[in-house]
Amino acid sequence: MAKKSRKLIAIKEMVGETGFIIIENVGIDALLELREEFEDIEDTRFEPYVEHLLSDIVMISLLAVMARANEWGEIAAFAQMKEEWLKKFLVLPHGIPSHDTIQRVMSMIDGTVLYSLCIQFLIRRMDIMAETARQRRLLQAPDTADEAEKEEPNIIAIDGKTSRGSKRNKTDRDAVKAMHTVSAYSTDRGLCLSEVVVDEKTNEIPAVRDLLDITSINGSIVTWDALNTQKDTVAAVIKKRGDYVGALKANQHTFYEDVSQYFDDIVCDELKKDETKYKMTVDKEQSGVATREYYLTQDLSWLAQRKEWAGLKSIGCVRRTLKKLNGETTVDTRYFIASIVDLEAFAKSVRSHWQVENKLHWQLDFTFKDDQNTTMKKHGAQNLQTMKRVALAILSLVQSFYDDKSLKGIRFILSLGFEQHIE
């Protein structure tokens, strides 16, 4: 089971019961501040015909998505029901825009700029909360200062997601490929830091390098699946002063074969004698009991390709043995290259990578129905998903203050009375 974000846990533990006070103090002032952020988005509409402010439309979309709206019509319906409350922090010079207007305007916005504005605002808010909580803890228990300052490495997991509902087969119109988005998910903050939509005429590999260009990875460990273990990608991470743990599979041909053959029984038995090179964990899972064995070595002198991979310092192996409830046993072995040499950091990186699937992609589909996003225009589909990603980040932040109700449950609560939660 994926663990919660370290920073979110720290905020809840440090703040305790006062967490509600911090959330409430955000209130309308925070919404006004966020609306001002949206005023920096370029508005390409012909000004004489503009009736509704772009910042109002973006705010309406975000709040509606948080409150269970998954489609443009539902967003407009939410705004119509909450018009009096929305007037407290929005301008609304001509009332609530129609769902056609909301969709059209949202489809004109640069999704990368929109997401960056939202997420940077949220990160600033999280940092303020974390620092306030830390200061309170130090005042209450000064002896814990050293412990509080300890920081584990932040893992940034990179992975792609396809929104299947955006696909169109060729009939009376040209075929449209499903929208594919590549995301950088921070396990420390519990949110997606940045995203890039994959161009229809290319693939995920160059999109990952574009994603790295707009993501701060200094001091973090970047992880990805075997598809993206590429020499240019590795070099880009090292250039930006990050580290990496990349999976290896047969698509790397002889490189994969060399690494997989290296970790034979003799080598693994030898590594087990050194606690800095071997670690074992046992976890209960829904399907049974999983034993994971982590092997990490810096012995690369025999590896012919070692100089072709920037920053390469170690290779690793993870063997997962699952004893199922029905008595069946399965063994899965995976191999990795890494620019780190610490075994604990390696194990954490391998396990944390799956949070991008469990806490981002799965939530987008299950909680926000992203696979049902049928918007025809690419920017419209992208920006509706962007609103869902931002809403997911916000709801994940406040989830612990709702007695850890599911995100789907919190959306339902907000749909009943959003104005009662932000005063």
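Note that the coordinates shown come from a computational prediction; the quantities given were computed from them, not determined experimentally.

### Some thoughts on the overall build of the chain
Along its length, the chain carries 16 helices and nine strands. Considering only residue pairs separated by 6 or more positions, the chain has 65% of its internal contacts joining residues 24 or more positions apart. Counting every atom, the chain has about 21100 Å² of accessible surface; 50% of that belongs to carbon and sulfur.

### A word on the sheet that holds strand β7 (residues 288–297)
Spatially, nine strands are ordered β3-β2-β1-β4-β5-β9-β8-β7-β6 in an open sheet, and the strand pairing comes out mixed. Unpaired on one side and paired on the other, β3 (191–197) and β6 (278–285) mark the two borders of the sheet. Along the sheet, successive strands turn relative to each other by an average axial angle of 25°, direction set aside. Sheet topology note: the strand β5 (residues 243–248)/strand β9 (residues 329–338) ladder contains four bridges and is antiparallel. When the sheet's bridge partners are listed, A247 is paired in β9 with F336. Sheet contacts for helix α9 (residues 204–213): β1 (155–163), β2 (179–186), β3 and β4 (221–224); angle to β2, the most-contacted strand, approximately 40°. Seen against the sheet, helix α11 (residues 254–262) touches β5, β7, β8 (314–324) and β9 and runs at an angle of roughly 120° to β9.

### Section: the packing of aromatic side chains
Across all of its chains, the model carries 13 aromatic pairs by this definition. A connected cluster of aromatic rings, assembled from ring pairs, spans Y256, Y262, F263, W302 and Y335. Just above the ring of F366 sits the side chain of K369; from NZ or CZ to the centre is 5.9 Å. Of note, K408 hangs over the ring of F366, and the distance from its end group to the ring centre comes to 4.6 Å.

### Considering the pairing of β1
With eight of its nine residues buried, β1 lies for the most part within the structure. Across three bridges, the pairing between β1 and β4 is parallel. In the sheet register, I155 faces β4, and the bridge partner there is I221. As defined by bridge partners, β1 adjoins β2 across eight bridges and the pair is classed as antiparallel. Across the sheet, the residue bridging to T162 is H180, located in β2.

### Looking at the side chain of R389
Relative to the helices and strands, R389 resides in helix α15 (residues 378–398). Those residues in contact with R389, other than ones at most four positions away along the chain, are Y115, T181, S183, C192, E195, L360 and L364.

### Quick look at the environment of G311
Along the polypeptide, G311 turns up in the loop between β7 and β8. For G311, a relative accessible area of 32% corresponds to the partly exposed category. Between the C-alpha atom of G311 and that of V234, which follows or precedes it by 77 residues, the distance is 7.8 Å.

### As for the packing of helix α4 (residues 72–81) against helix α6 (residues 99–108)
Packing of α4 against α6 brings their axes to within 8 Å, and their N-to-C directions diverge by 120°. When the axes of α4 and α6 are compared, the pair comes out oblique. Along this stretch, α4 crosses α6, giving a crossing that reads as right-handed. Contact with α4, carried on its side by W72, G73, I75 and A76, involves H99, I102, Q103 and M106 of α6 and no other residues of that element. Counted by class, the contact of α4 with α6 contains five nonpolar, three polar and no charged residues.

### Topic: the confidence of the model for the chain
Of all residues in the chain, 85% have pLDDT values of 70 or greater, and the mean over the chain is 85. The spread of mean pLDDT over the elements of the chain runs between helix α8 (residues 145–149), the lowest at 50, and β4, the highest at 98.

### Some words on the nonpolar core
Counting 102 residues, the largest nonpolar core has L86 and F263 as its most contacted members. Leaving out residues up to four positions away in the same chain, F263 has contacts with C268, L271, Y295, T297, I315, G316, C317, R319 and Y335. With 16 residues, the next largest nonpolar core counts I221, A247, A345 and V350 among its residues.

### Here we look at helix α3 (residues 54–66)
An α-helix turns once per 3.6 residues; consequently, residues spaced three or four apart project the same way. A rise of 1.5 Å per residue sets the reference length of α3, with its 13 residues, at 18 Å; its end C-alpha atoms lie 19 Å apart and thus fit the reference within 8%. A large share of α3 lies buried, amounting to 13 of its 13 residues. At the exit of α3 stands R68, carrying a positive phi of roughly 85°.

### Examining the packing of α3 against α6
Viewed as axis vectors pointing N to C, α3 and α6 meet at an angle of 105°, and their least axial separation amounts to 10 Å. In this view, α3 runs roughly perpendicular relative to α6, as classed from their interaxial angle. Of the residues in α6, those touching α3 at L54, I57, V58, I60 and S61 are T101, I102, V105 and M106. Partitioned by chemical class, the residues of the contact of α3 with α6 number seven nonpolar, two polar and no charged.

### Section: the side chain of T297
Among the secondary structure elements, T297 is positioned in strand β7. Residues in contact with T297, not counting those within four places in the same chain, are Y262, F263, L271, K313, S314 and I315.

### A short note on unusual backbone geometry
One non-glycine residue with positive phi stands out, namely H253, at about 50°. Secondary-structure assignment places H253 in the loop between β5 and α11. Classification of H253 by relative accessible area gives exposed; the value is 56%. In this model, K369 sits at a positive phi of 55°, which is unusual for a non-glycine residue. Secondary-structure assignment places K369 in the loop between α14 (355–366) and α15. According to the relative accessible area criterion, K369 is partly exposed, its value standing at 28%.

Conventions we followed
Residues numbered from 1 in each chain as written. Predicted model: local features only at pLDDT ≥ 70, side-chain atom pairs only at ≥ 80, totals over all residues. Heavy atoms only, no water. Helix = DSSP H or I, 4+ residues; strand = E, 2+ residues; numbered from the N terminus. Contact = heavy atoms within 4.5 Å. Areas by Shrake-Rupley, 256 points an atom, 1.4 Å probe, with all protein chains shown as cover. Pairing = 2+ DSSP bridges. Axes fitted to C-alpha atoms, helices over the stretch in contact; angles between N-to-C directions. Phe/Tyr/Trp six-rings, centres within 6.5 Å; stacked < 30°, edge-to-face > 60°. Lys NZ or Arg CZ within 6 Å of the ring centre and 35° of its normal. Buried < 20%, exposed > 50% of the residue type's maximum accessible area, 1.4 Å probe, protein only. Parallel < 35°, antiparallel > 145°, perpendicular 65-115°, else oblique. Left-handed = near helix turned anticlockwise from the far one by under 90°. Nonpolar A, V, L, I, M, F, W, Y, C, P; charged D, E, K, R; others polar. pLDDT = per-residue confidence, 0-100. Core = buried A, V, L, I, M, F, W, Y, C linked by side-chain atoms within 4.5 Å. Expected span 1.5 Å × (residues − 1).

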